[in-house]
Amino acid sequence: IQIRDEEEILVLIERLVAPLGRRIDLANPLVDARLPDGSRVHAAIPPIALGGPVLTIRRFAARPLGPEDLVRGGTASAEAMSFLVDAVRQRRSILVSGGTSSGKTTTLNALAFAIGADERIVTIEDAAELRLPQANVVALETRAPSVEGLGAIDVRTLLRNALRMRPDRILVGEVRGGEALDMLQAMNTGHRGSLTTAHANGAYHALIRLETMALMAGIDIPLAAIREQIRHGIELVVHQERDADGHRRIVQIAEVDPTRGGPYALRELTI
């Protein structure tokens, strides 16, 4: 495919986002959306994109990867994956952390394969990426505001509504802000075995970020109370990284000890 000039990129962007009910122009120079085939599209145009219009399309594999696929691909050892699969079956709540493009969502999706076929799962995402094999899955996706700035539905709204859907498990594709507090409250009020991801540089740092995001909820809750919810809500932290050659690997599995002092006591598992 050859693109002649910037004008052709702009036309291509408009043809992609217009059928999705989105608009990109000088007043709205950024757009993030999901294509009908599930691919993610992100576009940026001047004046935000200084070098000219930028179009990014993220396509996904035709078949979602399961635990065995991650072992074959070198993301985790067979022993580590067996441990994590057992943890999901035992309804242990898991936080998957890592940097951008480290494979967090892929790992979250693979771990969700271990959830029982008779369980009711509610997934909440900014842009739907999770594809689960179970039959009883309710997939919820946020909605951006309209051109008039109305009608936005965020993760916090979806999470609060998910609690009314009688879920056995709640999967939040990624916590980025105040919804972390709602997620923690769900984990501490009968929704054990929930799974989520967060950007972080390590297992301990992921918990610190989680408390910071919970504080962003704007609710007057003492930090000590938030830390208590994290200690009792999150049982395992799985940290993943992408190395220099592009391979994504689980480099740390840590167990949260809720009984020990300090902000967080982690016991790193060697598997």
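The structure we're discussing is the one just above.
The structure presented is a predicted model; accordingly, all values stated were derived computationally and were not measured.

How each quantity is defined
Residues numbered from 1 in each chain as written. Predicted model: local features only at pLDDT ≥ 70, side-chain atom pairs only at ≥ 80, totals over all residues. Heavy atoms only, no water. Core = buried A, V, L, I, M, F, W, Y, C linked by side-chain atoms within 4.5 Å. Buried < 20%, exposed > 50% of the residue type's maximum accessible area, 1.4 Å probe, protein only. Helix = DSSP H or I, 4+ residues; strand = E, 2+ residues; numbered from the N terminus. Contact = heavy atoms within 4.5 Å. Polar contact = N/O pair within 3.5 Å; in protein donor to acceptor, adjacent residues only side chain to side chain. Pairing = 2+ DSSP bridges. Axes fitted to C-alpha atoms, helices over the stretch in contact; angles between N-to-C directions. Lys, Arg positive; Asp, Glu negative; His and termini not counted. Salt bridge = Lys/Arg side-chain N within 4 Å of Asp/Glu carboxyl O. Parallel < 35°, antiparallel > 145°, perpendicular 65-115°, else oblique. Nonpolar A, V, L, I, M, F, W, Y, C, P; charged D, E, K, R; others polar. Patch = residues over 30% accessible without salt bridge, like charges linked within 9 Å, V, L, I, M, F, W, Y side chains within 5 Å. Areas by Shrake-Rupley, 256 points an atom, 1.4 Å probe, with all protein chains shown as cover. Charge placed at Lys NZ, Arg CZ, Asp CG, Glu CD.

Moving on, we get to the nonpolar core. Note on soluble globular proteins: their nonpolar side chains tend to be buried together. Ranked by size, the top nonpolar core spans 34 residues in total, and within it Ile-124, Val-175, Leu-207, Leu-210, Ile-230 and Ile-234 carry the most contacts. Of all the elements in the fold, those that place two or more residues in this core are β5 (121-125), α5 (155-162), β7 (169-172), α6 (179-187), α7 (203-215), α8 (223-233) and β10 (248-257). Leu-210 has contacts with Leu-95, Val-175, Ala-180, Leu-184, Ile-230 and Ile-234, leaving out every residue within four places of it along the chain. Within the second largest apolar cluster, 26 residues are counted, among which are Met-81, Val-85, Ala-114 and Ile-253.

Moving on: the side chain of His-239. Along the chain, His-239 turns up in strand β9 (residues 236-242). Given a relative accessible area of 2%, His-239 falls into the buried group. Within polar-contact distance, the side chain of His-239 engages the side chain of Glu-241 at 3.3 Å.

Spatially, β6-β5-β7-β8-β4-β9-β10-β11 is the arrangement adopted by the 8 strands of the open sheet, whose pairing is mixed. Both outer strands of the open sheet, β6 (137-141) and β11 (265-268), are each paired with one neighbouring strand and no more. The average undirected angle you get between the axes of adjacent strands in this sheet is 25°. Of the strands in this sheet, β5, β6 and β7 touch α5, which is tilted by about 170° from β5.

Here we take up the side chain of Glu-125. Following the sequence through the fold, Glu-125 ends up in strand β5. Arg-40 is the oppositely charged side chain nearest to the buried, salt-bridge-free Glu-125, at an N-O distance of 6.9 Å. A polar contact is formed between the side chain of Glu-125 and the backbone nitrogen of Glu-129, at a distance of 2.8 Å. Beyond its immediate stretch of four places on either side in the chain, Glu-125 contacts Leu-130, Leu-140, Glu-141, Thr-142 and Gly-173.

Another aspect to go through is the packing of α6 against α7. At a minimum axis separation of 6 Å, α6 and α7 run at an interaxial angle of 110°. Considering the angle they form, α6 stands roughly perpendicular to α7. From α6, Ala-180, Leu-181 and Leu-184 reach across to α7, where they touch Leu-210, Met-213 and Ala-214. Classifying every residue of the contact of α6 with α7 by side-chain character gives 6 nonpolar, no polar and no charged.

Attention now goes to the environment of Asn-109. With respect to the helices and strands, Asn-109 occurs in helix α4 (residues 104-112). You can call Asn-109 buried: its relative accessible area is 6%. Residues within four places of Asn-109 in sequence aside, it is in contact with Pro-64, Leu-65, Glu-129, Leu-130, Arg-131 and Leu-132.

With the rule as written, the count across this model stands at 20 salt bridges. For Glu-141, the salt bridge goes to Arg-34, with nearest N and O atoms at 2.7 Å. In this pair, Glu-141 sits in strand β6 while Arg-34 sits in strand β1 (residues 30-34), placing the two residues 107 residues apart along the sequence. Judged by its relative accessible area of 28%, Glu-141 is partly exposed. For the salt bridge of Arg-169 with Glu-119, the shortest nitrogen-to-oxygen distance reads 2.9 Å.

If you trace the 3 strands from one edge of the open sheet to the other, you get β1-β2-β3, paired in antiparallel fashion. Two strands close off the open sheet at either side, each with one partner strand: β1 and β3 (54-58). When strand polarity is set aside, the average angle formed by the axes of neighbouring strands in this sheet is 10°. Direction of pairing for strand β2 (residues 40-44) relative to β3: antiparallel, over a ladder of 5 bridges. Bridge pairing links Ala-43 to Leu-55 in β3. Those strands touched by helix α1 (residues 6-17) are β1, β2 and β3, and its axis lies near 45° from that of β3.

A large share of β5 lies buried, amounting to 5 of its 5 residues. Residues Ile-121, Thr-123 and Glu-125 of β5 are buried on one face, and the alternating residues Val-122 and Ile-124, pointing to the opposite face, are buried as well. In the sheet, β5 pairs with β7 via 4 bridges, with the strands oriented parallel. Considered in β7, the bridge of Ile-121 is made with Arg-169.

On the surface, a cluster of negative charge is made up of Asp-5, Glu-6, Glu-7 and Glu-14. Overall, the relative accessible area of 43% leaves Glu-14 in the partly exposed class.

These figures capture arrangement, not role.
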